[in-house]
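Structural features, examined
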Amino acid sequence: MTTTLRPTGPETRTPLGGRGRDYAICVNGRPVGGVRLRVAPGDVGVLIDLAVDEPDRGRGRGTVAVLAAEEILRSWGCRRAELSVLPERSPEPDRAIRWVAGLGYAPAARNMVKQLPDTAPVLPAGTVGRPMTWAEYPVWLAQETAGYLELLVGMGMTPDQARIKSDADHAAMLGGGLDTPDTVISRLTVDGVPVGTVWINTSESGRRPAWVYDVLVDEAQRGRGHGRSLMLLAEGLTLDAGRRRLGLNVHAGNTPAERLYESLGYRTVRWVFGKSLL
């Protein structure tokens with residue numbers, strides 16, 4: 001039997017250079033599942049909602065579909081592919097993770113979410129948060145952007161790819177700077193001395209909760225537990241905005257951050273894996 005991908009709709013394009021198309025997974029022309037392909041700025045192709053119908057699972061349909069999807073992404077100029085495993089949607093997430101690894105995909109990141117308590121957590125004595133000022137904003141933005149570029153390159157992107165993605169992401173999420181709707185950027189101080197910054201978006205969209213985009217402890221203040229205080233501050237700010245769930249993304253290999261979030265009660269809702277297409 002022959003497994004192929006068949007388009008189910010027209011190709012789409014975005015003003016920032018993205019593109020996408022939906023496909024049916026077919027066996028001898030018979031649909032047995034589907035996958036959506038998207039390309040984000042930076043030439044990263046993403047496989048979304050890959051699924052094979054129950055009667056056809058365990059027969060290699062998904063493997064052939066992924067390999068076929070990679071060829072399509074290569075033809076679109078992608079140098080990297082990413083796909084996700086969602087524990088709540090997979091009956092056997094550990095098996096799915098092993099399958100993804102067998103196809104050459106390595107852990108890239110994971111999304112974690114926490115159901116917040118009714119009341120804001122108490123910060124350590126002498127520790128308070130305040131809104132970032134416009135005078136502080138350019139310095140913070142340069143530091144945050146540099147850190148984001150480093151992460152993207154570490155994930156396998158070229159410097160040019162990383163810059164394109166960083167510019168697009170910041171334009172979308174911080175187009176108005178400190179005045180961007182639903183955006184809160186707060187400085188943490190201890191006895192009046194600034195020690196770090198947290199950036200969150202308090203909007204909710206579909207299944208996505210309020211989100212922590214960046215936690216940055218000032219270099220001279222690291223190793224003193226301020227990262228935990230910044231997360232507690234983020235939770236309080238989220239509750240102030242009337243939201244009860246808070247999510248974040250942590251990149252693979254950042255073990256201290258993973259341990260911190262787990263200790264605070266965040267649970268993994270999505271694993272992201274990446275693979276070079278070169």
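Scroll up for the structure.
For clarity, every value in this text was computed on a predicted model and none was experimentally measured.

What follows concerns the pairing of strand β3 (residues 19-27). With seven of its nine residues buried, β3 lies for the most part within the structure. For strand β1 (residues 3-7) and β3, the ladder comprises five bridges, and the chain directions are antiparallel. Bridge pairing links Arg6 to Ala24 in β3. When strand β2 (residues 12-13) meets β3, the two strands line up antiparallel, connected through two bridges. Across the sheet, the residue bridging to Arg13 is Arg19, located in β3. Inspection of the sheet shows β3 paired to strand β4 (residues 30-40) by nine bridges, in the antiparallel sense. Looking across to β4, one finds that Ala24 is bridged to Gly34.

Below, the discussion takes up the side chain of Glu82. The topology assignment puts Glu82 in strand β6 (residues 80-85). Residue Glu82 is classed as buried on the basis of its relative accessible area, which comes to 13%. Excluding residues within four positions of it along the chain, Glu82 makes contact with Val44, Gly45, Val46, Leu47, Tyr105, Met155, Val272, Phe273 and Gly274.

Under the definition given, this model contains five aromatic pairs. Between Trp134 and Tyr137, the aromatic rings sit 5.4 Å apart at their centres with planes inclined by 65 degrees, giving edge-to-face as the arrangement. On the basis of relative accessible area, Trp134 is assigned to the partly exposed category, the value being 46%. The buried category is assigned to Tyr137, whose relative accessible area is 9%.

So, how was this worked out
Residues numbered from 1 in each chain as written. Predicted model: local features only at pLDDT ≥ 70, side-chain atom pairs only at ≥ 80, totals over all residues. Heavy atoms only, no water. Buried < 20%, exposed > 50% of the residue type's maximum accessible area, 1.4 Å probe, protein only. Helix = DSSP H or I, 4+ residues; strand = E, 2+ residues; numbered from the N terminus. Pairing = 2+ DSSP bridges. Contact = heavy atoms within 4.5 Å. Phe/Tyr/Trp six-rings, centres within 6.5 Å; stacked < 30°, edge-to-face > 60°.

The values reported here are purely geometric and, on their own, carry no functional implication.
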